[in-house]
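One-letter residues, chain by chain:
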Amino acid sequence: MPGAALVELVLRAGDEVGCGRLEELTLQAPLVVPQVGAVRLQVSVGEADAEGRRAVGIHSRPHDPAGVGTGEWTVHADGVLVEADVDVVPVACVEVWPPQGAGVVGVGDFYEVLAGRGFDYGPVFRGLRRVWRRGDEVFAEVALPEEVADAADAFGLHPA
């Protein structure tokens, strides 16, 4: 399941408790949905702390046809939700764009290289426009293709 889908699940759960803004989300393990069978999925939202922040988590475990979950729960993501009017301070901010001291990285065959490694993305998921590198840091410009940009407001985070 794509990370954007996990974000969408978390935002929807947050809406239920009045915390519809995601402050942070750490992906712990991939959520693999089997071609045959199912998984039991759980999105949990904790009690609000003194600042109104709530812990959130996404867990799954195998599901059998009898309707009983089996095995241990796997943690796929955990994070923090806040009320929509709480200011979220970015972890890092780039004052100048493109970033000073960063070198341009060619992206011409990026998707072909990924496809060769087994990651074949359709046209909607090909939004990488430009990339720069400065040491271990990578900066990117990414945009939705025009044909789907109008539908972006239907999501907390568009899957692409």
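Residues numbered from 1 in each chain as written. Predicted model: local features only at pLDDT ≥ 70, side-chain atom pairs only at ≥ 80, totals over all residues. Heavy atoms only, no water.

K.L.:
Please clarify how the pattern of salt bridges should be interpreted in this entry.
P.N.:
Any two side chains of opposite charge can pair, so long as their charged atoms come close to each other. Tallied over the full model, the rule gives 4 salt bridges. We note a salt bridge from Glu 16 to Arg 12, for which the minimum N-O separation is 2.7 Å. Highlighted residues: Glu 16 and Arg 12, both in helix 1 (residues 3–16), separated by 4 residues, approximately one helical turn. What makes Glu 16 exposed here is its relative accessible area of 57%. Here Arg 53 ties to Glu 23 by a salt bridge, and the two come within 2.6 Å at their closest N and O atoms. Of this pair, Arg 53 sits in the loop between strand 2 (38–45) and strand 3 (54–63) while Glu 23 is found in strand 1 (residues 21–27), placing the two residues 30 residues apart along the sequence. With relative accessibility at 25%, the residue Glu 23 sits in the partly exposed group. (Salt bridge = Lys/Arg side-chain N within 4 Å of Asp/Glu carboxyl O. Helix = DSSP H or I, 4+ residues; strand = E, 2+ residues; numbered from the N terminus. Buried < 20%, exposed > 50% of the residue type's maximum accessible area, 1.4 Å probe, protein only.)

K.L.:
Please explain unusual backbone geometry as it appears in this structure.
P.N.:
Excluding glycine, a negative phi dihedral is what most residues carry, and trans is how most peptide bonds are arranged. Along the chain, Trp 97 connects to Pro 98 via a cis peptide bond; the corresponding omega equals -5 degrees. Secondary-structure assignment places Pro 98 in the loop between strand 4 (74–82) and strand 5 (103–105).

K.L.:
Any chance you could explain the packing of aromatic side chains here in plain terms?
P.N.:
Each aromatic ring pair is described using two quantities: the centre-to-centre distance and the angle formed by the ring planes. Counted by the stated rule, this structure contains 3 aromatic pairs. Ring geometry for Trp 97 and Phe 139: centres 6.3 Å apart, planes at 80 degrees, overall edge-to-face. Taken together, the positions of Trp 97 in the loop between strand 4 and strand 5 and Phe 139 in strand 7 (residues 137–142) put the pair 42 residues apart, joining distant regions of the chain. On the basis of an interplanar angle of 80 degrees and a centroid distance of 5.0 Å, the ring pair of Phe 110 and Tyr 111 is categorised as edge-to-face. Classification of Tyr 111 as buried rests on a relative accessible area of 13%. (Phe/Tyr/Trp six-rings, centres within 6.5 Å; stacked < 30°, edge-to-face > 60°.)

K.L.:
Sorry if this is basic, but what is going on with the sheet that holds strand 7 here?
P.N.:
Each strand in a sheet pairs with another by means of backbone hydrogen bonds, the pair being arranged parallel or else antiparallel. Pairing within the open sheet is antiparallel, and its 3 strands lie in the order 5-6-7. A strand with exactly one partner marks an edge of an open sheet, and here the two such strands are strand 5 and strand 7. Each neighbouring strand pair of the sheet contributes to a mean axis angle of 30 degrees, computed without reference to strand direction. With 6 bridges joining them, strand 6 (residues 128–134) and strand 7 adopt antiparallel strand pairing. (Pairing = 2+ DSSP bridges. Axes fitted to C-alpha atoms, helices over the stretch in contact; angles between N-to-C directions.)

K.L.:
Is there a simple way to think about a nonpolar patch on the surface in this case?
P.N.:
On the surface, a cluster of nonpolar side chains totalling about 290 Å² of accessible area is made up of Phe 119, Tyr 121 and Phe 125. Tracing the sequence through the fold places Phe 125 in the loop between helix 2 (110–116) and strand 6. Its relative accessible area of 35% is what places Phe 125 among the partly exposed residues. (Patch = residues over 30% accessible without salt bridge, like charges linked within 9 Å, V, L, I, M, F, W, Y side chains within 5 Å. Areas by Shrake-Rupley, 256 points an atom, 1.4 Å probe, with all protein chains shown as cover.)

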